[in-house]
Amino acid sequence: MEVPILKQGEVLIATFQAALSDADLNQLRSGLVQQVVRFRSRGVIVDVTAMDVLDSFASRTLREITHMIRLRGAETVIVGIQPEVAFAMVQLGLTLEGVATALDLEEGLAYLNQKFKKTN
Amino acid sequence: MPINSDQDIVVARQKGRALATELGFPPGDATLIATAISELARNIVSYARKRHITLQKIDGLNREGLSVIASDQGPGITDIRQAMRDGFSTSGSLGMGLPGVRRLMDEFEIKSQPGRGTTVVVKKWKQ
Amino acid sequence: MAKRNGMSQETVTLNNRAGELARDEAPSELLRELVAHLRQNRTQLREEWVARISEARLLTAMTKEEIFAEATSVYDSYVEALETETFEALQAYARNLSERIIPRGVETHEVLGIVLLLRDVLARSLFAKYQTDFKKLNRILDAYEPAANRIQSTVAVGFVQERERVIRQQQEAIRELSTPVLQVRERLLILPIIGVIDPQRSRQLTEQLLRGIRTNRAKVVVIDITGVAAMDATVANHLVQTVEASRLLGANVIVTGLSPEIAQTLVTIGIDLGKMNTVGDLQGGIEQAERLLGYKVVALAEPS
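Quantities reported herein were computed from a predicted structural model and do not represent experimental measurements.

1. Some thoughts on the overall build of chain B
For step 1, the next point in the chain: Secondary structure summary: chain B contains four helices and four strands in total.
For step 2, the next point in the chain: Mapped in sequence order, the helices and strands of chain B form the string α-α-β-β-α-α-β-β.
For step 3, the next point in the chain: Burial analysis of chain B (127 residues in total) assigns 39% to the buried set.
For step 4, the next point in the chain: Counting contacts in chain B only where the partners sit at least 6 residues apart, residues at least 24 apart contribute 60% of the total.

In structure tokens form, the structure reads like this:
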């Protein structure tokens, strides 16, 4: 499944679709890291607005993405988790600890800009 | 429906959501059901043979609901009580484990025989 | 016209044909006769029933015309149920009727009362009709009573079920009203939790809050638990889940109203208060929220 990854300045924006299989998620993980290296991005926004279910595997993948991208010196923000999805996640005990989250794209960009200012 | 690949997990939860919506469950509940199916399917994909998920409409006293039956013919769970303890997961991080699924649904039942396999039945009722 | 069992041939032929029939009739034939009688005397019996209803001061919430109209429908449904010996139509009618009269304030005892009165009125008319034929009266009553009982419970159950449905709806509405998510400033929401938190309410609370976060684009949420009736492990877990879910939507949560006792309870349960942002009172919580949002809290200068 093709996932669009847009470059906006120093930030990469990946819009995850619904119905991503485990294999898709694994591909995305490595793909994103590659892009970060290629474009020397400082930040990545993963937009999961379209994802109607975030289960334990998806949750773990998001944590791994954040970790791997941090190792490359960039920050990741997960945006667009839907209220019902968030509710289901906490029932399962998936808290995305250690991962930055924001309401939507706008908030995600604001968060990254804040972070960039601090490190500049 | 059989669960043999990770793609099947996606199919299973999509069907679950569709059935839940068709039965008139509110979208929040439909998400809970779909998530539970995803987790249950996960728990049986990794190492078991003949993995299977069945979705059914069920009728109760004055109410309707949906049941998910996840079964496999794998090695079975030797210590069910330990499997039901929060945070426990038999194969690394595939499947957050059953306690989470229990929280998502209204009713939860598990039967396992070492060497024969495991069956988990969960139900959610429409208010 | 006396009737006796074990009569001789002659006596049989001398007997009234109705009497002979009565000896051999099947219950359903008796019912048919009964139904015919009820239909024939419909107007009069219905009037009598309505009179008894006002005598007993039932259905005071309704006007005379309304009572008459409903009485007609109930009467006809009653007779039809007796005739067809099926009760689905009656049950549907009972629910429909309940739906209409419950909002008018009609109570359970009134509904049960009027059906009992109808039963009495009809029974008495049977006594009147068959008073000279005691054995037949018995048979008719044998056929009538089970059916009348069934009708009684069908109507009662239908009414009660409808009532329970209405109560559930009202409870839901109350729950909605009593968990307001307030927008105090831009990007700041306050959720005061008051009273008893059962699992249903807790879930509704969380869902309302999460929707509120999304709609108001809130960056900070202050959850005030000063008014929570009882803090136990279940409630505490729900609270933690709410905090975690809010964070997934990018909102910071400040929990206020934590008394030292409750804090102790939470710690004993195993909740890591260090992870939760807690402030003693609501005022302090709002101030901290404002700081988080970048507002400066400035004291107004004293008027000179």
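2. Let's talk about the packing of helix α4 (residues 42–55) of chain C against helix α5 (residues 64–84) of chain C
Residue and element names in this part refer to chain C.
For step 1, the next point in the chain: Here α4 crosses α5 at 125 degrees, and the two axes come no closer than 10 Å. Judged by the angle between their axes, α4 and α5 are oblique. The way α4 lies across α5 gives a crossing that is right-handed. Where α4 approaches α5, its residues Arg-42, Arg-46, Trp-49, Val-50 and Ile-53 are matched on the opposing element by Ile-67, Phe-68, Ala-71, Thr-72 and Tyr-75.

3. A look at the sheet that holds strand β4 (residues 75–79) of chain A
All names here are of chain A.
For step 1, the next point in the chain: Pairing in this open sheet of five strands is mixed, and the strands run β1-β2-β3-β4-β5 from one edge to the other. At either end of the open sheet lies a strand with only one pairing partner, and these are β1 (5–8) and β5 (100–102). Averaged over neighbouring strand pairs, the angle between their axes works out to 25 degrees when direction is ignored.
For step 2, the next point in the chain: Two strands pair when backbone bridges link them, and strand β3 (residues 43–47) and β4 are joined in this way by five bridges, in the parallel orientation. Bridging from a neighbouring strand, Val-46 pairs with Ile-78 of β4.

4. With respect to the interface of chain A and chain B
Quite often, the size of an interface is put as the accessible area lost when its parts meet.
For step 1, the next point in the chain: Contact residues are listed per partner, giving 18 residues for chain A and 23 residues for chain B.
For step 2, the next point in the chain: Contributing elements (two or more residues each) for the side of chain A that touches chain B: α1 (22–39), α2 (56–71) and α3 (83–92) of chain A.
For step 3, the next point in the chain: With six residues, α3(A) is the single largest residue contributor to the side of chain A that touches chain B.

5. A short note on the interface of chain C and chain A
For step 1, the next point in the chain: Residue-level contacts link 13 residues of chain C with 12 residues of chain A.
For step 2, the next point in the chain: When contributions to the side of chain C that touches chain A are tallied by element, the ones reaching two or more residues are α9 (199–216) and α10 (233–248) of chain C.
For step 3, the next point in the chain: Taken together, the residues of the side of chain C that touches chain A sort by class into four nonpolar, three polar and six charged.

6. Description of the pairing of strand β2 (residues 63–72) of chain B
Residues and elements named next belong to chain B.
For step 1, the next point in the chain: Examined bridge by bridge, strand β1 (residues 52–60) and β2 share nine bridges and lie antiparallel to one another. Bridge pairing links Ile-58 to Gly-65 in β2.
For step 2, the next point in the chain: Taken together, β1 and the strand that follows it, β2, pair antiparallel across an intervening segment of two residues, in which Asn-62 is found at a positive phi of about 70 degrees.
For step 3, the next point in the chain: Pairing of β2 with strand β4 (residues 117–125), which is carried by eight bridges, proceeds in the antiparallel orientation. Paired with Ser-67 across the strands is Lys-123, a residue of β4.

7. Quick look at the environment of C:Asp120
Residues and elements named next belong to chain C.
For step 1, the next point in the chain: By the element assignment, Asp-120 lies in helix α7 (residues 108–130).
For step 2, the next point in the chain: Given 14 C-beta atoms within a 10 Å radius, Asp-120 is considered partly exposed.
For step 3, the next point in the chain: Considering only alpha carbons, one finds Asp-120 and Arg-52, 68 residues apart in sequence, at a separation of 9.9 Å.

8. Comments concerning the nonpolar core
For step 1, the next point in the chain: Membership of the largest hydrophobic core comes to 93 residues, with the highest contact counts inside it found for A:Ala86, B:Ala36 and C:Val221.
For step 2, the next point in the chain: Sort the elements by how many residues they give to this core and helix α2 (residues 27–45) of chain B lands first, with eight residues.
For step 3, the next point in the chain: Once you skip the residues sitting within four places of it in the chain, C:Val221 turns out to touch C:Leu189, C:Leu191, C:Leu209, C:Ile213, C:Ser246, C:Ala251 and C:Val253.
For step 4, the next point in the chain: Core analysis: the next-biggest nonpolar cluster, separate from the first, contains 34 residues, C:Leu58, C:Leu118, C:Ile140 and C:Ala148 among them.

9. Remarks on the environment of C:Arg217
For step 1, the next point in the chain: Within the element layout of this structure, C:Arg217 appears in the loop between α9 and β3 (220–228).
For step 2, the next point in the chain: Each C-alpha atom of the pair C:Arg217 and C:Arg187 lies 5.7 Å from the other, and the pair is 30 residues apart in sequence.
For step 3, the next point in the chain: Excluding its chain neighbours within four sequence positions, the residues that come into contact with C:Arg217 are A:Leu103 and C:Arg187.

10. Quick notes on the sheet that holds strand β3 (residues 107–113) of chain B
Residues and elements named next belong to chain B.
For step 1, the next point in the chain: Strand order across the open sheet formed by four strands is β1-β2-β4-β3, with antiparallel pairing between neighbours. Edge positions in the sheet fall to β1 and β3, since each of these pairs with one other strand and no more. On average, each strand axis in the sheet is inclined to that of its neighbour by 15 degrees, with strand direction left out of account.
For step 2, the next point in the chain: Helix α1 (residues 6–22) rests against β1 and β2 of the sheet, and its axis sits at about 15 degrees to β1.

11. Re the packing of α1(A) against α2(A)
All names here are of chain A.
For step 1, the next point in the chain: Put simply, α1 and α2 touch, their axes get as near as 10 Å, and they point 15 degrees apart. It follows from the interaxial angle that α1 and α2 lie roughly parallel. Taken as a pair, α1 and α2 cross one another with a handedness that is right-handed. Residue-level inspection shows Asp-22, Leu-25, Arg-29, Leu-32, Val-33 and Val-36 of α1 in contact with α2, the latter providing Phe-57, Ala-58, Thr-61, Glu-64, Ile-65, Met-68 and Ile-69.
For step 2, the next point in the chain: Partitioned by chemical class, the residues of the contact of α1 with α2 number nine nonpolar, one polar and three charged.

12. Observations regarding α1(A)
Residue and element names in this part refer to chain A.
For step 1, the next point in the chain: In this model, α1 (18 residues) spans 26 Å end to end at C-alpha, consistent with the 26 Å of a helix rising 1.5 Å per residue.
For step 2, the next point in the chain: Residues Asp-24, Leu-25, Leu-28, Leu-32 and Val-36 constitute the buried set of α1. Here the buried residues of α1 occupy an arc of 105 degrees about the axis, which is enough to place them on one side. Exposed residues lying more than 90 degrees from the buried face of α1 are Ala-23, Ser-30, Gln-34 and Arg-38.
For step 3, the next point in the chain: In this structure, the buried side of α1 is in contact with β2 (11–15), β3 and α2.

Procedures and definitions
- Residues numbered from 1 in each chain as written.
- Chains lettered and ligands numbered in written order.
- Predicted model: local features only at pLDDT ≥ 70, side-chain atom pairs only at ≥ 80, totals over all residues.
- Helix = DSSP H or I, 4+ residues; strand = E, 2+ residues; numbered from the N terminus.
- Buried ≥ 20, exposed ≤ 12 C-beta atoms within 10 Å, placed from the backbone.
- Contact = placed C-beta atoms within 7 Å.
- Axes fitted to C-alpha atoms, helices over the stretch in contact; angles between N-to-C directions.
- Parallel < 35°, antiparallel > 145°, perpendicular 65-115°, else oblique.
- Left-handed = near helix turned anticlockwise from the far one by under 90°.
- Pairing = 2+ DSSP bridges.
- Nonpolar A, V, L, I, M, F, W, Y, C, P; charged D, E, K, R; others polar.
- Core = buried A, V, L, I, M, F, W, Y, C linked by C-beta atoms within 7 Å.
- Expected span 1.5 Å × (residues − 1).
- Arc of directions from axis to C-beta.

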